[in-house]
Amino acid sequence: MDKTYQPEQLEQHWYKTWEERGYFAPQGDGDPYCIVIPPPNVTGRLHMGHGFQHAIMDALTRYHRMLGCQTLWQVGTDHAGIATQMVVERRLNADGSNRHEIGRENFVKKVWEWKEESGDIITQQLRRMGSSLDWSRERFTMDEQLSTVVEKAFVDLYDEGLIYRGNRLVNWDPQLITAISDLEVVSEEETGSLWHFRYPIFDSDEHLVIATTRPETLLGDTAVAVHPEDKRYSSLVGKFVELPLCNRKIPIIADEYVDPEFGTGCVKITPAHDFNDYEVGKRNDLEIINIFTDEAAINNNAPPDYVGLDRFDARKKVLVDIEALGLLDKVEPHQLKVPRGDRSGVIIEPYLTHQWYVAIQSLAEPAIKAVEDGDIEFVPKNWENTYFAWMRNIQDWCISRQLWWGHRIPAWYDEAGNTYVGFSEDEVRTKHSLDPDLSIRQDEDVLDTWFSSALWTFSTLGWPDNREYFERFHPTNVLVTGFDIIFFWVARMIMMTLKFTNEIPFKKVYITGLVRDEHGQKMSKSKGNILDPIDLIDGIELEELVEKRTADMMQPQLKQMVEKHTRASFPDGITGYGTDALRFTFYSLASTGRDIKFDLGRTEGFRNFCNKIWNAARYTMMNTKDKDVTTEPLNRAQLSIADKWIMSRFEQTAKEIEMAMSEYRFDLASQTLQEFIWNEYCDWYVELSKPILWDDENNPEKAAATRRVLLSTLEKSLRLLHPFMPFITEEIWQRITPMLQIDGPSIMLQPYPKFEISNVDADAETSIEWVKGVIIAIRNIRGEMDVSPAKSINCFLRKGSKIDQNRLSDFRPYLEKLAKLESIQWLEEDKGAPAAATQLYGDLEILVPLAGLIDVASERARLKKEIGRLRGGLKAVSGKLNNAKFIDNAPEAVVAKEREKEKQMSTTLAAYQQKLEQLADL
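Quick caveat: nothing in here was measured; it's all calculated off a predicted structure.

Draft legend 1. The arrangement of the packing of helix α20 (residues 579-589) against helix α21 (residues 600-624) in detail. Two elements in contact, α20 and α21, have axes whose closest approach is 8 Å; the angle formed by their N-to-C orientations is 120°. Taken as axis vectors, α20 and α21 run oblique relative to one another. Read as a crossing pair, α20 and α21 show a hand that is right-handed. On α21, the residues touching D580, A581, L582, F584, T585, S588 and L589 of α20 are R602, T603, F606, R607, F609 and C610. Among the residues making up the contact of α20 with α21, the classes are represented as seven nonpolar, three polar and three charged.

Draft legend 2. Spotlight on the sheet that holds strand β23 (residues 506-512). Read across the sheet, three strands follow the order β15-β23-β22 without closing on themselves; strand pairing throughout is parallel. Both outer strands of the open sheet, β15 (377-379) and β22 (476-482), are each paired with one neighbouring strand and no more. Across the sheet, the axes of successive neighbouring strands diverge by a mean angle of 20°, strand direction being ignored. By the bridge criterion, three bridges tie β15 to β23 in an arrangement that is parallel. Each bridged residue has a counterpart across the sheet, and for F378 the counterpart in β23 is V509.

Draft legend 3. Examining the nonpolar core more closely. One finds L60, Y387, F451, F598, F666, F724 and L797 to be the most contacted residues of the largest nonpolar core, which totals 216 residues. Top contributing element to this core by residue count: helix α23 (residues 666-694), with 13 residues. Not counting the four nearest positions on each side in its chain, F724 is found in contact with A59, R583, F584, Y587, M661, F666, A669, L673 and Y752. If you look at the next biggest cluster of nonpolar residues, it comprises 35 residues, including V226, I250, I252 and I291.

Draft legend 4. Seen up close, the side chain of Q74. Within the secondary structure layout, Q74 lies in strand β2 (residues 70-74). At 2.7 Å, the side chain of Q74 forms a polar contact with the backbone oxygen of R137. Look past the residues within four positions of Q74 in its chain and what remains in contact with it is I35, V36, I37, L133, R137, R139, T460 and L461.

Draft legend 5. Representation of helix α27 (residues 802-818) in the model. Taking 1.5 Å per residue as the helical rise, α27 with its 17 residues ought to reach 24 Å, and the 23 Å between its terminal C-alpha atoms agrees with that figure. F811 marks the point of greatest bend in α27, at about 70°, and the proline P813 comes within the next four residues. Within α27 the residues assigned to the buried category are D804, R807, L808, F811, Y814, L815 and L818. After α27 finishes, the residue K820 shows a positive phi value of roughly 50°.

Draft legend 6. Here's a closer look at the environment of A254. Inspection of the secondary structure assignment puts A254 in strand β11 (residues 248-254). The class for A254 is partly exposed, based on a relative accessible area of 28%. In sequence terms A254 and S234 are 20 residues apart; their C-alpha atoms lie 8.3 Å from each other.

Draft legend 7. Quick peek at the pairing of strand β7 (residues 185-200). Alignment of β7 against strand β13 (residues 328-341), held across 13 bridges, turns out to be antiparallel. Within β13, the residue paired with H196 across the bridge is K330. In terms of strand pairing, β7 meets strand β8 (residues 207-212) through six bridges, oriented antiparallel. Across the sheet, residue H196 finds its bridge partner in β8, namely A211. Between β7 and β8, which follow one another and run antiparallel, lie six residues, and D203 among them has a positive phi close to 60°.

Draft legend 8. Looking closely at the packing of aromatic side chains. Under the criterion given, the structure shown has 37 aromatic pairs. Their ring planes at 25° and their centres at 5.5 Å tell us that Y510 and Y664 sit as a pair that is stacked. Within this pair, whereas Y510 is found in strand β23, its partner Y664 is found in the loop between α22 (641-662) and α23, the two being separated by 154 residues in sequence. With relative accessibility at 1%, the residue Y510 sits in the buried group. Judged by its relative accessible area of 9%, Y664 falls in the buried class. One aromatic cluster in this structure is built from Y510, Y587, Y664, F666 and F724. Stacked on the ring of Y469, the Lys or Arg R137 has its end atom at 4.0 Å from the ring centre. The lysine or arginine in question, K655, covers the ring of F755, its NZ or CZ lying 5.0 Å from the ring centre.

Draft legend 9. Region of the structure containing helix α1 (residues 7-20). Here α1 spans 20 Å end to end across 14 residues, near enough to the 20 Å set by a 1.5 Å rise per residue. Among the residues of α1, P7, L10, E11, W14, Y15, T17 and W18 are the ones counted as buried. Buried residues of α1, seen end-on, are gathered within an arc of 160° and therefore sit on one face of the element. In α1, those exposed residues whose orientation departs by more than 90 degrees from the buried face are Q9, K16 and E20.

Draft legend 10. Fine view of the sheet that holds strand β19 (residues 419-421). Across the sheet, which stays open at both edges, the three strands sit in the order β19-β18-β20 with antiparallel pairing between neighbours. Two strands close off the open sheet at either side, each with one partner strand: β19 and β20 (440-442). Strand after strand, the sheet turns through a mean of 30° between neighbouring axes, direction not considered. For strand β18 (residues 411-414) and β20, the ladder comprises three bridges, and the chain directions are antiparallel. Following the sheet pairing, D414 is matched in β20 by I440.

Procedures and definitions
- Residues numbered from 1 in each chain as written.
- Predicted model: local features only at pLDDT ≥ 70, side-chain atom pairs only at ≥ 80, totals over all residues.
- Heavy atoms only, no water.
- Axes fitted to C-alpha atoms, helices over the stretch in contact; angles between N-to-C directions.
- Helix = DSSP H or I, 4+ residues; strand = E, 2+ residues; numbered from the N terminus.
- Parallel < 35°, antiparallel > 145°, perpendicular 65-115°, else oblique.
- Left-handed = near helix turned anticlockwise from the far one by under 90°.
- Contact = heavy atoms within 4.5 Å.
- Nonpolar A, V, L, I, M, F, W, Y, C, P; charged D, E, K, R; others polar.
- Pairing = 2+ DSSP bridges.
- Core = buried A, V, L, I, M, F, W, Y, C linked by side-chain atoms within 4.5 Å.
- Buried < 20%, exposed > 50% of the residue type's maximum accessible area, 1.4 Å probe, protein only.
- Polar contact = N/O pair within 3.5 Å; in protein donor to acceptor, adjacent residues only side chain to side chain.
- Expected span 1.5 Å × (residues − 1).
- Bend = angle between axes of the 7 residues up to and from the residue.
- Phe/Tyr/Trp six-rings, centres within 6.5 Å; stacked < 30°, edge-to-face > 60°.
- Lys NZ or Arg CZ within 6 Å of the ring centre and 35° of its normal.
- Arc of directions from axis to C-beta.

Read these as spatial facts, not as claims about activity.
Here is the structure:
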């Protein structure tokens with residue numbers, strides 16, 4: 001083996017081997033186990049959230065594969081309507097063309113060409129994460145078979161009266177000219193204004209004052225509302241106000257939507273351009289006046305002076321005209337949430353338009369019941385409350401989008417506006433007995449991508465025609481996803497799957513938290529704190545990282561801020577840590593349902609963990625190669641106490657892993673694995689094996705048994721670790737299995753270790769814990785007294801029990817070798833003890849005589865000098881922190897740094913004072 005672990009040299013080799021040999025496909029005749037991947041956008045790039053979720057899914061998949069299950073991790077990508085269309089449109093624009101110029105058919109061809117050229121970046125990145133997806137079954141939401149299922153779902157629902165076309169308010173992107181979902185709207189706080197207008201009361205000299213953040217929508221007002229119990233306005237309800245600029249009078253109505261404490265307690269109602277106002281309008285039978293075109297310019301429903309103006313130009317003119325009429329009461333600065341399209345970046349308008357909808361109520365009821373009855377369980381369980389809250393207040397689902405890329409809606413219209421739904425024009429004509437000469441045209445819109453995604457679990461498994469995989473693997477076992485799409489995807493999958501298959505889509509829903517930066521901040525390009533999983537695997541130079549983070553930034557100030565932050569955070573760029581270290585970082589942070597603070601310090605620590613495993617494997621191979629490693633059943637009489645201990649600890653570890661995996665506690669599983677492999681096997685058992693192996697000539701049977709335990713425990717530990725760190729475990733396993741005469745082409749196809757009570761040995765565990773406790777105490781004394789680890793020392797034990805005396809006798813060789821002792825003796829309590837440094841292990845005293853080990857006078861002088869320096873520094877820091885002016889004016893980060901400094905100095909001072917006291921009698 002190479003002296004150092006080099007992940008980049010072996011990761012791609014092993015992934016290519018696994019994929020080429022078909023190891024990711026379901027095998028054997030065990031129980032089926034299936035996970036469907038949340039389909040990433042075909043335009044997508046792997047981000048930290050993806051990396052986190054895919055690491056979890058792969059651990060579950062590899063774990064169940066090794067448990068003997070027929071395991072399928074179903075892979076596929078989403079056609080991502082808006083995102084993909086935008087990518088291809090930008091390419092056309094760069095060539096001086098656009099989609100309208102080349103026409104729909106040619107544009108769709110261009111999208112397919114782009115998909116073939118560039119659509120596999122995300123899938124290649126998934127491979128880099130070690131994801132053991134069955135690539136032979138890769139699906140795409142626009143595949144012919146999946147498209148057929150989408151059409152069938154639409155037609156069946158329409159025929160049942162569950163899909164209809166309606167004129168309702170939607171989120172409208174005036175740049176992309178399409179309806180978008182709530183998930184595609186990003187609302188962030190911005191600084192704006194709150195304008196207060198006077199609306200004259202009809203046939204009166206008085207007026208009502210209303211406040212608005214969108215003055216242009218005044219042109220579509222159809223009422224002013226007050227609260228029904230607001231006595232200030234009760235006499236005005238039923239009367240009218242004159243709508244400024246519009247030569248219209250609108251009613252004053254009473255509605256409980258109004259908050260009488262906000263502003264003047266009067267609210268302008270614009271049903272066509274505000275979701276809340278739309279509901280008020282429906283309750284009060286108000287006129288609904290749409291004042292915008294699809295591009296958010298003012299249409300002919302507004303007064304002529306404003307027609308054709310862009311919405312923001314119209315705002316300016318309304319303000320000028322209102323002020324000219326003396327109807328501007330006041331203007332106030334105002335912080336408000338502004339909804340912007342996540343793709344276009346423009347402000348989204350609530351917009352009245354004809355769209356296709358799913359009548360959702362009858363689908364929601366069985367989906368609610370499935371979770372109530374426990375057929376589907378959320379992990380953590382508290383997310384069920386979120387699910388129920390959404391589902392019990394569900395609104396009909398807008399499923400149409402004004403795009404060209406996607407599943408075109410299978411509906412046709414004649415000149416009279418009649419609608420015909422079917423799988424094709426020919427099928428429609430036959431189904432509805434249409435005259436061959438009747439001219440019909442297909443709907444221009446496509447379906448929301450969430451519609452096809454809602455059919456994902458069963459459409460990817462071959463339903464309805466090719467049912468072999470569907471019948472074997474459906475319902476799937478678990479869905480791993482984020483809380484932000486519980487409604488948009490999880491709930492819709494449950495509803496649609498129950499509707500079409502009469503089965504639940506999955507038995508469990510594991511909800512992950514968000515991956516945030518080390519300070520708990522959401523990762524975003526504008527903050528300059530985004531991390532790319534591939535950069536963490538391979539590493540990236542500083543200049544390349546800066547260029548990557550600031551690409552496409554139009555604002556110089558923002559670009560400068562991100563560049564400065566990046567250079568400060570990564571002055572040397574990012575070191576490549578390898579896939580296994582990154583994956584293990586994700587597992588260590590995966591406590592159920594909580595957002596995680598991603599800290600690269602952890603990833604560096606887990607790269608060191610990989611190095612530790614590698615070095616332990618090298619030691620094991622050096623001590624077992626060309627040696628007798630019996631493959632016969634072990635004779636326990638030949639086992640050392642350390643052999644029995646590590647075998648027992650392995651079984652306890654296997655048991656804890658099984659429990660953690662059953663509860664989706666990947667953090668506990670990773671913690672248990674690291675504790676056993678690094679601390680118990682690498683740090684302790686490897687050292688405890690040395691005295692036995694060094695005594696090979698005198699006791700070859702015992703040495704052979706230790707070699708066997710050393711090697712077999714490493715092999716089983718690699719299997720235990722494999723679902724979490726697939727690459728390093730495969731590499732080492734391939735090297736050691738010939739010595740154990742283990743058959744099998746890959747560790748991933750080997751059985752996962754199960755708890756075997758026959759290897760549990762409580763006495764051995766207690767005994768070795770005693771050995772470790774004494775050795776740690778001696779090492780602590782060395783550290784406190786600055787005694788070199790290479791220097792042999794004497795040691796005494798006293799005040800323990802008869803058991804401690806017996807253990808000293810039994811385990812003296814371990815103590816002498818591992819603690820580097822000249823001698824270790826039992827000291828009776830009636831014998832005088834030499835001047836010594838002391839540590840306790842339970843009631844047992846461990847004493848190390850210091851005479852001759854250190855220059856006591858010099859050490860006292862050094863400690864006194866350090867204590868004086870620390871007291872001076874501590875006084876200065878404490879003075880600062882006791883100064884109210886400093887606390888009030890200094891930045892929070894600076895104050896926190898000073899508090900941490902005070903804490904560290906106090907701890908160090910106490911330790912030095914204790915050491916000085918220990919030297920007092922020497």
